[in-house]
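Fold and geometry: a report
Below, each chain spelled out in residue letters.
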Amino acid sequence: FPYTTLFRSIDSIQEHNIMAIIRQLQTDGMATRTVNTTLEILRPLFDFAIKNKALRDNPTRFIVLKKDNTKKIVINGAEMFKRIFEGINDYYSTQPFYRALFLFGFTGRRKSEILKLKWENIDLDNNYYWIEDTKNNEKQKYELPHFVKEALLQIHDTRMGLVFKSPVTGRMIENTDRQMNQLKKHLEMPELTLHYMRNVLVSALAERGTEAITLSGMLGHRDATTINKYLSLSYHNSSKKGNATM
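Throughout what follows, the structure given in this document is the object of discussion.

The subject of this paragraph is the sheet that holds strand E1 (residues 122-123). An order of E1-E2-E3 is seen for the three strands of this open sheet, with the pairing classed as antiparallel. The open sheet is flanked by E1 and strand E3 (140-143), the only strands paired with a single partner.

And the structure:
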């Protein structure tokens, strides 16, 4: 483990020690987002140490890193949506378990939210479900789309505990890479992930004129401006609408 700097006495850590970790992460080819997240984790830890008088100054205070401005661009969101949606229903037509799992990606849910979902949090009679363990640490209620409900009803299960649990251990599935890779191959779409489906969803809906505040709500964001990192706008469609309005 190369990042041994943090095992020093906390009051001996200086800015150049943190920068050494950051440079090592970059040398190891870590993504900009990963490097930034490391700093975001360390900064409040040092603030906590200062608050408890274990440290006098925060060694990360003046460190500024390059922002991660990368985002997966979605071109023709509506067409992409239809292609993936039909691909999931086609490839997993006889496997409602994985059909439901991947179709949940088109409800705006994160992978962790899907895999942690419990039957007790789904109301099949009134067509809604709620997420308890969210990124915002708040309970969020969502409508259950008919295409997800249909797949859920076909799953042979006691309908207790985790929805997407391992048939062998009964515990939460930790890895869906094999099933996703099969779907990627079927669709000939190597860039596809559950997270990418969020990008496709909001881009497709934006093309149909859905407002940003609605898109943010679908994805579970408190701040409507967060939608910008998922949304790819069609300049052609925007210009056509603008010209028609003029």
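With 20 residues, helix H2 (residues 32-51) ought to run about 28 Å at 1.5 Å a step, and its terminal C-alpha atoms sit 29 Å apart, in line with that. For H2, the set of buried residues is Val-35, Asn-36, Leu-39, Leu-42, Phe-46 and Ala-49. Within H2, the buried residues cover an arc of 135° as seen down the axis, which keeps them to one side. For H2, the exposed residues set more than 90 degrees away from the buried face come down to Glu-40, Leu-45, Phe-48 and Lys-51. Packed against the buried residues of H2 are helix H1 (15-27). Looking one or two residues beyond H2, the residue adopting positive phi is Lys-53, at roughly 60°.

So, on to the pattern of salt bridges. Per the stated rule, a full pass over the model turns up four salt bridges. Two residues, Arg-109 and Glu-113, come together in a salt bridge whose shortest N-O distance is 3.1 Å. Taken individually, Arg-109 and Glu-113 each receive the classification buried, so the pair is uniform in this respect. The salt bridge partner of Lys-165 is Asp-157, with a shortest N-O separation of 3.0 Å. Residue class for Lys-165 comes out buried when judged on its relative accessible area of 17%. Under the relative-accessibility criterion, Asp-157 is labelled partly exposed at 28%. A single salt-bridge network, built from bridges that share partners, covers Arg-109, Arg-110 and Glu-113.

We now examine the packing of aromatic side chains. One pass over the full model with this rule turns up 14 aromatic pairs. Seen from the ring of Tyr-142, Arg-109 lies directly overhead, with NZ or CZ sitting 3.6 Å from the centre. Its guanidinium or amino end placed over the ring of Tyr-128, Lys-141 lies 4.0 Å from that ring's centre, counting from NZ or CZ.

Examined against the element boundaries, Ser-166 turns out to sit in the loop between helix H6 (146-153) and helix H7 (177-187). Look past the residues within four positions of Ser-166 in its chain and what remains in contact with it is Arg-171 and Ile-173.

Here we take up the packing of helix H3 (residues 77-91) against helix H8 (residues 194-207). At a minimum axis separation of 7 Å, H3 and H8 run at an interaxial angle of 130°. When the axes of H3 and H8 are compared, the pair comes out oblique. H3 and H8 meet at a crossing whose hand is left-handed. Only Tyr-196, Met-197, Val-200, Leu-201, Ser-203, Ala-204 and Glu-207 of H8 make contact with H3, whose side of the interface consists of Gly-77, Ala-78, Met-80, Phe-81, Ile-84 and Ile-88. For the contact of H3 with H8, the per-class residue count stands at 10 nonpolar, two polar and one charged.

If you add up the space inside the second largest pocket, you get close to 170 Å³. Every residue along the wall of the second largest pocket is listed here: Phe-106, Thr-107, Arg-109, Tyr-129, Tyr-142, Glu-143, Pro-145, Phe-147 and Met-218.

The rules we used
- Residues numbered from 1 in each chain as written.
- Predicted model: local features only at pLDDT ≥ 70, side-chain atom pairs only at ≥ 80, totals over all residues.
- Heavy atoms only, no water.
- Pairing = 2+ DSSP bridges.
- Helix = DSSP H or I, 4+ residues; strand = E, 2+ residues; numbered from the N terminus.
- Expected span 1.5 Å × (residues − 1).
- Buried < 20%, exposed > 50% of the residue type's maximum accessible area, 1.4 Å probe, protein only.
- Arc of directions from axis to C-beta.
- Contact = heavy atoms within 4.5 Å.
- Salt bridge = Lys/Arg side-chain N within 4 Å of Asp/Glu carboxyl O.
- Phe/Tyr/Trp six-rings, centres within 6.5 Å; stacked < 30°, edge-to-face > 60°.
- Lys NZ or Arg CZ within 6 Å of the ring centre and 35° of its normal.
- Axes fitted to C-alpha atoms, helices over the stretch in contact; angles between N-to-C directions.
- Parallel < 35°, antiparallel > 145°, perpendicular 65-115°, else oblique.
- Left-handed = near helix turned anticlockwise from the far one by under 90°.
- Nonpolar A, V, L, I, M, F, W, Y, C, P; charged D, E, K, R; others polar.
- 1 Å grid on protein atoms, 1.4 Å probe; cavity = no way out; pocket = protein on both sides within 12 Å on 5 of 7 lines; lining within 4 Å.
- Points joined across faces, edges and corners; volume = space filled by probe spheres on them.

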